[in-house]
Amino acid sequence: RKEVEQDPGPFNVPEGATVAFNCTYSNSASQSFFWYRQDCRKEPKLLMSVYSSGNEDGRFTAQLNRASQYISLLIRDSKLSDSATYLCVVQDQAGTALIFGKGTTLSVSS
Amino acid sequence: EADIYQTPRYLVIGTGKKITLECSQTMGHDKMYWYQQDPGMELHLIHYSYGVNSTEKGDLSSESTVSRIRTEHFPLTLESARPSHTSQYLCASSELTGTNEKLFFGSGTQLSVL
């Protein structure tokens, strides 16, 4: 079983749609969780950290369910510029290496 | 914008050659990483470093080496390049704030081994 698994893509949605991505992780001792965004042929960039109580940043909401070992990312009111691959990232404990999921590709069309 | 640089941006080389991919950052970050990524695939951790004179192996470390003699510099070396090494190589440094670790990636080196 892979350490970090994500929904298979691609997700093709119209502008204004709400879309949700899920990610599961295998190590119950994992402590830190992030969502990164990667545009085509570009390097990944941090989108947001995921906190235990859930957190929101504008149209983006991240949630963590430790019991089920899953993380989610919700994007409301999708924009064309949201088209990218979204990477789920997990860290076992502070200071250890970050492990990336394969990513879920989102394509938003007008 | 992050101050992390990778050279070369593209490299085409023959089988058996020794190559070094350069990575430098000017942010004073202690922790640095090398990842390998094929198109449409996940990033695989090759090596990482906690700071000067520290190097750790990742999942794909067996065919490459790294060194960390200076904080700002973290080069990756392939002793004998093979076609299976064709991939994109991404270097990153990280900023640690409490339990949050934010990675800053370089633009990558696209390696093609013929």
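Going by the structure above, here's the rest.
Here goes a summary of the coordinates provided. Values in this document were obtained by computation on a predicted structure and should not be read as measured data.

This next bit is on the state of the cysteines. Residues and elements named next belong to chain A. Applying the stated criterion across every chain yields a total of two disulfides over all chains. With a sulfur-sulfur separation of 2.0 Å, Cys23 is cross-linked through a disulfide to Cys88. Measuring handedness by torsion sign, the sulfur bridge of Cys23 and Cys88 sits at about -75° and is left-handed. Taken as a pair, Cys23 in strand E3 (residues 19-25) and Cys88 in strand E9 (residues 84-91) lie far apart in primary sequence, 65 residues in all. For the pair formed by Cys23 and Cys88, the shared burial category is buried.

Across the contact, 22 residues belong to chain B and 21 residues belong to chain A. Summed over both sides, the interface between chain B and chain A buries roughly 1800 Å², with carbon and sulfur atoms accounting for 51% of that surface. On the surface where chain B and chain A come into contact, there are zero salt bridges. Our count for the chain B to chain A interface comes out at four residue pairs in polar contact (both at pLDDT 80 or more). Going through the elements one at a time, strand E4 (31-37), strand E5 (44-49) and strand E10 (100-105) of chain B are the ones with two or more residues in the side of chain B that touches chain A. Looking at which element gives the most residues to the side of chain B that touches chain A, the answer is E10(B), with five residues. Considering only residue class, the side of chain B that touches chain A consists of 10 nonpolar, six polar and six charged.

This part is about empty space enclosed by the protein. Sizing a probe to match a water molecule and rolling it over the atoms shows the empty space that remains. Residue and element names in this part refer to chain A. Per the stated rule, a full pass over the model turns up one cavity of 30 Å³ or more. Roughly 40 Å³ of volume is contained in the largest cavity. For the largest cavity, the full set of lining residues is Glu3, Val4, Tyr25, Asn27, Ser30, Val90, Asp92 and Ile99. Looking at side-chain class alone, the lining of the largest cavity contains four nonpolar, two polar and two charged residues.

Thresholds, definitions, all that
- Residues numbered from 1 in each chain as written.
- Chains lettered and ligands numbered in written order.
- Predicted model: local features only at pLDDT ≥ 70, side-chain atom pairs only at ≥ 80, totals over all residues.
- Heavy atoms only, no water.
- Disulfide = S-S within 2.5 Å.
- Helix = DSSP H or I, 4+ residues; strand = E, 2+ residues; numbered from the N terminus.
- Buried < 20%, exposed > 50% of the residue type's maximum accessible area, 1.4 Å probe, protein only.
- Contact = heavy atoms within 4.5 Å.
- Buried area = accessible area lost by both parts, 1.4 Å probe.
- Salt bridge = Lys/Arg side-chain N within 4 Å of Asp/Glu carboxyl O.
- Polar contact = N/O pair within 3.5 Å; in protein donor to acceptor, adjacent residues only side chain to side chain.
- Nonpolar A, V, L, I, M, F, W, Y, C, P; charged D, E, K, R; others polar.
- 1 Å grid on protein atoms, 1.4 Å probe; cavity = no way out; pocket = protein on both sides within 12 Å on 5 of 7 lines; lining within 4 Å.
- Points joined across faces, edges and corners; volume = space filled by probe spheres on them.

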